Amino acid sequence: MERVYNFSAGPSMLPLPVLERAAKEMTNYGDSGMSVMEMSHRSKIYESIINRAEELLRELMNIPSSYKVLFLQGGASSQFAMVPLNLFSKSKKCDVVLTGMWAKKAASEFKKYGQVNVVASSEDKTFSYIPELDESKFTPDADFFHITYNNTIYGTRFTKLPDTKGVPLVSDVSSCILGEEIDVTKFGLLYAGAQKNMGPAGVTVVIVREDLIGKQMDITPTMFNYQIHAENNSLYNTPPTYSIYICMLVFEWLKELGGVREMEKINIEKANILYDFLDNSKLFKPTVQGADRSLMNVPFVTGNEELDAKFVKEAQACGFVNLKGHRSVGGMRASIYNAMPVEGVKKLVEFMKKFEVENK
Ligand SMILES: *Cc1c(COP(=O)(O)O)cnc(C)c1O
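In this text the structure is predicted, and so the values were computed from the model without any measurement.

Some remarks on the sheet that holds strand β9 (residues 189-193)
Pairing is mixed across the open sheet formed by seven strands, whose spatial order is β2-β10-β9-β8-β5-β3-β4. Unpaired on one side and paired on the other, β2 (67-72) and β4 (115-121) mark the two borders of the sheet. Adjacent strand axes in the sheet meet at a mean angle of 15 degrees, parallel and antiparallel pairs treated alike. Where β2 and strand β10 (residues 204-209) come together, six bridges link them in antiparallel fashion. Bridge pairing links Leu72 to Thr204 in β10. Sheet contacts for helix α2 (residues 44-61): β2, β9 and β10; angle to β2, the most-contacted strand, approximately 130 degrees. Against the sheet, helix α3 (residues 75-87) makes contact with β2, β5 (144-148), β8 (169-172), β9 and β10, and its axis sits at roughly 155 degrees relative to β9, the strand it touches most.

This is the structure in structure tokens:
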């Protein structure tokens, strides 16, 4: 079987050159005589890998030295607890914008540790848009303000950040990190599971402004304390060593390609190809309109569930896999993360055109 075009929302495609390099280095990394998987996380050679990964990520995202970069475990979902445990330091209040299932899951976890104020929600229309924010509803003394930058399931993204007037802005960037330029200085904290746009599952990146570290709640478990991980260079305990190594390779690949600015251009090109087709199709309809459309996750429907299922099945047979939409939206979703080549999107559109003609 040939490699397919994998439109999975996550874990998702990785760049082929990264996989090939990992294969080549699988049994013997550098002159270590062993696989990265077999290395002590305390060895000099492994330290060079984790340090290089951090250095590359800092360079790619322009992360100032006043921020720590942490490589943790537990997925983005653990951050739903780790963020409030560490950031509820004064009022124990936070503001949230509900733009999807992940935002809701985050908010319900925050509620276990403090007070959650819902500034706005787009649940009334199945999260198909980003709501306008009324600043008079912001909590002036909140400990943080949380948004989900890109909504993986519903295919929306923030294009304008709230002015939180000094309240640290926190964002889940799991499905858009490194896909478009993000001004880190606008945030107190960013977090992302790796398996969408950075590498394999198992590692979660946290980028946190130093002044927000060390004020955790007393009940914070040691492993959930940012300070512990920051002071130990993410080596307090055994980190997900191999996942971090693959991230390093992805970061190198991205740097060679020209960095995030270049990547964003390519992602806009890919998204435009798909949205242009959807906007003009008589069969397929995009579920999100206007400026809030995600560059990474593109949900669409035919309006007929049987036809949707037929499309997903026929697409799969032709090498376009994982196009089934999330159960809460139905229909289809094409996730076109960094590793999806322009060619993959062009070929998908060709296939969709053919399907449309055949199913008039
Ligand atoms: C996938 C995803 C999550 C969940 O990530 P885990 O690493 O599985 O916990 C959370 N938020 C967003 C925006 C996601 O896309």
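A word on the domain arrangement of the chain
Quite often, the size of an interface is put as the accessible area lost when its parts meet. Along its sequence, the chain is organised into domain 1 (5-12 + 258-358) and domain 2 (27-256). For domain 1 and domain 2, the distance between their C-alpha centroids amounts to 26 Å. Contacts between the two partners involve 29 residues from domain 1 and, on the opposite side, 29 residues from domain 2. The junction of domain 1 with domain 2 conceals about 2,300 Å² of combined surface from both sides, 52% of it contributed by carbon and sulfur atoms. When the buried area of domain 1 at its contact with domain 2 is split by residue, Val260, Asp292 and Asn338 rank highest and sum to 25% of it. At the junction of domain 1 with domain 2, the criterion picks out one salt bridge.

So, the nonpolar core
With 91 residues, the main nonpolar core has Leu178, Tyr245, Leu274, Phe284 and Phe311 as its most contacted residues. Looking at this core element by element, the count peaks at 11 residues for helix α6 (residues 241-257). Residue-level mapping places this core at the junction of two domains, with at least three residues from each of domain 1 (5-12 + 258-358) and domain 2 (27-256). The residues contacting Phe284, other than those within four sequence positions of it, are Phe277, Leu278, Phe300, Val301, Thr302, Phe311, Met332, Met352, Phe355 and Glu356. Core analysis: the next-biggest nonpolar cluster, separate from the first, contains 29 residues, Val83, Val206, Leu212 and Ile213 among them.

So, the pairing of strand β14 (residues 332-335)
The alternating pattern of β14 places Met332 and Ala334 on one face and Arg333 and Ser335 on the opposite face, and all of these are buried. The sheet contact formed by strand β12 (residues 297-301) and β14 spans four bridges and is antiparallel. Paired with Asn297 across the two strands is Ser335, which belongs to β14.

What about the pattern of salt bridges?
Close approach of charged atoms lets side chains of opposite charge pair. For the structure shown, the criterion picks out 21 salt bridges. With a closest N to O distance of 3.7 Å, Glu358 and Lys354 form a salt bridge. You can see Glu358 and its partner Lys354 sitting in helix α9 (residues 342-358), four residues apart, about one turn around the helix. The partly exposed category is assigned to Lys354, whose relative accessible area is 46%.

Topic: the packing of α2 against α6
Running from N to C, α2 and α6 point in directions that differ by 40 degrees, and their axes come no closer than 9 Å. Considering the angle they form, α2 stands oblique to α6. Relative to α6, the crossing made by α2 is left-handed. Contacts between α2 and α6 involve Tyr46, Ile49, Ile50, Arg52, Ala53, Leu56, Leu57, Glu59 and Leu60 from the first element and Thr241, Ile244, Tyr245, Met248, Phe251, Glu252, Leu254 and Lys255 from the second. A per-class count over the contact of α2 with α6 returns 12 nonpolar, one polar and four charged.

A look at the packing of helix α7 (residues 259-280) against α9
Each packed pair of helices is defined by two parameters, the angle between the axes and the distance between the axes. Where α7 meets α9, the axes come as close as 9 Å, and the angle between the chain directions of the two elements is 5 degrees. Relative to α9, the element α7 is oriented roughly parallel. Residues Ile266, Glu269, Lys270, Ile273, Leu274, Phe277 and Leu278 of α7 touch α9, and the partners they reach there are Val342, Val345, Lys346, Leu348, Val349, Met352, Lys353 and Glu356. Looking at the contact of α7 with α9 residue by residue, the class counts come to 10 nonpolar, no polar and five charged.

Some points on the site of the ligand
Close to the ligand lie Gly75, Ala76, Ser77, Trp102, Thr148, Asn150, Thr152, Asp172, Ser174, Ser175, Gln195 and Lys196. Between the ligand and Ala76 there is a distance of 3.1 Å, counted from an oxygen atom to a backbone nitrogen or oxygen. Here Asp172 contributes a side-chain N or O atom positioned 2.6 Å from a nitrogen atom of the ligand. Considering each element in turn, the shell around the ligand owes the most residues, three residues, to α3. Tallied by class, the residues present in the shell around the ligand amount to two nonpolar, eight polar and two charged.

Regarding the sheet that holds strand β11 (residues 285-286)
Sheets are built from strands that pair by backbone hydrogen bonding, the pairs being arranged parallel or antiparallel. Here we have three strands laid out as an open sheet, ordered β11-β12-β14, and antiparallel in their pairing. Strands at the two margins of the open sheet, each flanked by one partner only, are β11 and β14. Sheet strands in contact with α7 are β11, β12 and β14, and its direction is about 15 degrees off that of β12.

Each value, and the rule that gives it
- Residues numbered from 1 in each chain as written.
- Predicted model: local features only at pLDDT ≥ 70, side-chain atom pairs only at ≥ 80, totals over all residues.
- Heavy atoms only, no water.
- Pairing = 2+ DSSP bridges.
- Helix = DSSP H or I, 4+ residues; strand = E, 2+ residues; numbered from the N terminus.
- Axes fitted to C-alpha atoms, helices over the stretch in contact; angles between N-to-C directions.
- Contact = heavy atoms within 4.5 Å.
- Domains from an automatic or database assignment.
- Buried area = accessible area lost by both parts, 1.4 Å probe.
- Salt bridge = Lys/Arg side-chain N within 4 Å of Asp/Glu carboxyl O.
- Core = buried A, V, L, I, M, F, W, Y, C linked by side-chain atoms within 4.5 Å.
- Buried < 20%, exposed > 50% of the residue type's maximum accessible area, 1.4 Å probe, protein only.
- Parallel < 35°, antiparallel > 145°, perpendicular 65-115°, else oblique.
- Left-handed = near helix turned anticlockwise from the far one by under 90°.
- Nonpolar A, V, L, I, M, F, W, Y, C, P; charged D, E, K, R; others polar.
- Near = heavy atom within 4 Å.
- Polar contact = N/O pair within 3.5 Å; in protein donor to acceptor, adjacent residues only side chain to side chain.

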